[in-house]
Amino acid sequence: MHARVAAATTAALLGGALLVLPTSGARAKTEGGTPVIVSHRGASAYAPENTLASIDKAAAMGFRWVENDVQRTKDGRLVVLHDASLARTTDVEQVYPGRAPWNVKDFTAAEIARLDAGSWFGSQYKGTRVPTLNQYMNRVSHNHQKLVLEIKNPELYPGIERQTLKLLSNDGWLDPAHLKSRLVVQSFSADSVRTVHDLRPAIKTAFLGTPSVAQLHEYAQFADQINSSYTTISSGYVAALHAFDGPHGRPVEIFTWTVNDADSARRVAHYDVDGVITNKPDVVREALQGR
Ligand code: G3P
Ligand code: CA
């Protein structure tokens, strides 16, 4: 075992104190620097999640990084929505009564385009639509933003990885400049992350979850990031992650989620996480300023 990995593994197993470890390559964030702030489903505390309004809100607040969730319609179009069902975040129950449980995969893109995805959040957002991924990418580009794209529920959508990469390629998001600093593709499914890595090894990938330290070597073969819930990590775990080199020869990173209060933001920053995914990017920014 590499000495850097062995030291960090020991620390993690001991529930250890923060280690300052030599690393063989540069991380996105310099060690001890301020973590990247990622607006979760857009600035979703302030605008309806996963809509163009939510990423416009993040942009207006000065945030470059946004996160989304990608799924597929009955007729094979990629759309941006978190839940498998349209019920929570649209008026689908009123527009299409009798079609419970209103799953994305059972509606065509044209049917979904009729839905109101804003009123549930606030009347000023009435008429906001569920964006197609193509519409979403155009807006991210327009806003000069960066994207953590989550492939959501991939087990429901065979082939969604290849389809998503094709759309990203067509939209110019797989050129060297975007790959270098503007895109991460993540999933809770290790198989899905591995598929993305195998299809386009140049893409920066992330596994959502908290594998054991003993498993990190395996995940580091195909994931540049391990993006864990902030409730599951420690300084020792973060040090253990950083001790592994990912598929691109740089230390594995962690963007932790979903951190919506100042104390938690300061705590995970102390752990030396690389990014903080949050519904309240302004709260995290203020907490981390002047640390
Ligand atoms: O980006 C992390 C986070 O989005 C994972 O959880 O359920 O909000 O997609 P979820
Ligand atoms: Ca997500």
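By convention here, each chain's residues receive numbers from 1 onward along its written sequence. Whichever chain is written first becomes A and whichever ligand is written first becomes 1, with later ones labelled in order. Where local features are concerned, this predicted model is filtered to residues with pLDDT of at least 70; where side-chain atom pairs are given and counted, the filter is 80 or more; whole-chain, interface and lining totals use all residues. For side-chain calculations, the full set of non-hydrogen atoms in the structure is used, while hydrogens and water are omitted.

A. The arrangement of the side chain of Glu49 in detail. The numbering of helices and of strands both runs from the N terminus, where a helix is a DSSP run of H or I of at least 4 residues and a strand a run of E of at least 2. For Glu49, the position within the fold is in the loop between strand 1 (36-39) and helix 2 (52-60). The classification of residues rests on relative accessible area computed with a 1.4 Å probe and restricted to protein chains. Under 20% of the type maximum is buried, over 50% is exposed, and intermediate values are partly exposed. Relative accessible area serves as the criterion here: at 11%, Glu49 is assigned to the buried category. A distance of 2.8 Å separates polar atoms of two side chains, one belonging to Glu49 and the other to Arg88. Contacts were defined at the residue level, with two residues in contact if any of their heavy atoms lie within 4.5 Å. Those residues within four positions of Glu49 in sequence are excluded, and the remaining contacts are Arg41, Ser44, Ser54, His82, Arg88, Thr89 and Trp120. We call two N or O atoms a polar contact when they sit within 3.5 Å, provided that within protein one can donate a hydrogen and the other can accept it, with sequence-adjacent residues counted only if both atoms are side-chain atoms.

B. Region of the structure containing the environment of Val104. With respect to the secondary-structure elements, Val104 resides in the loop between helix 3 (92-95) and helix 4 (109-113). Sequence separation of Val104 and Ala84 is 20 residues, and the distance between their C-alpha atoms is 6.0 Å. Discounting chain neighbours no more than four positions away, the residues touching Val104 are Gln71, Arg72, Thr73, Lys74, Val79, Leu81, Asp83, Ala84, Ser85, Leu86, Ile112 and Tyr157.

C. Focus on the confidence of the model for the chain. As a per-residue quantity, pLDDT reports the predictor's confidence and falls between 0 and 100. Mean pLDDT for the chain: 92, with 90% of residues reaching 70 or above. Within the chain, no element has a lower average pLDDT than helix 1 (residues 3-13), which sits at 49, and none a higher one than strand 3 (residues 78-80), at 99. Ignoring residues within four places in sequence, the model shows residues 9-24, a span with pLDDT below 50, making 32 contacts including any to other chains.

D. Spatial organisation of the pairing of strand 1. Whether two strands pair comes down to DSSP finding at least two bridges between them. The sheet contact formed by strand 1 and strand 9 (residues 275-278) spans four bridges and is parallel. Bridge pairing in strand 9 links Val38 to Ile277. In the sheet, strand 1 pairs with strand 2 (residues 65-72) via two bridges, with the strands oriented parallel. Within the sheet, the bridge partner assigned to Val38 lies in strand 2 and is Trp65.

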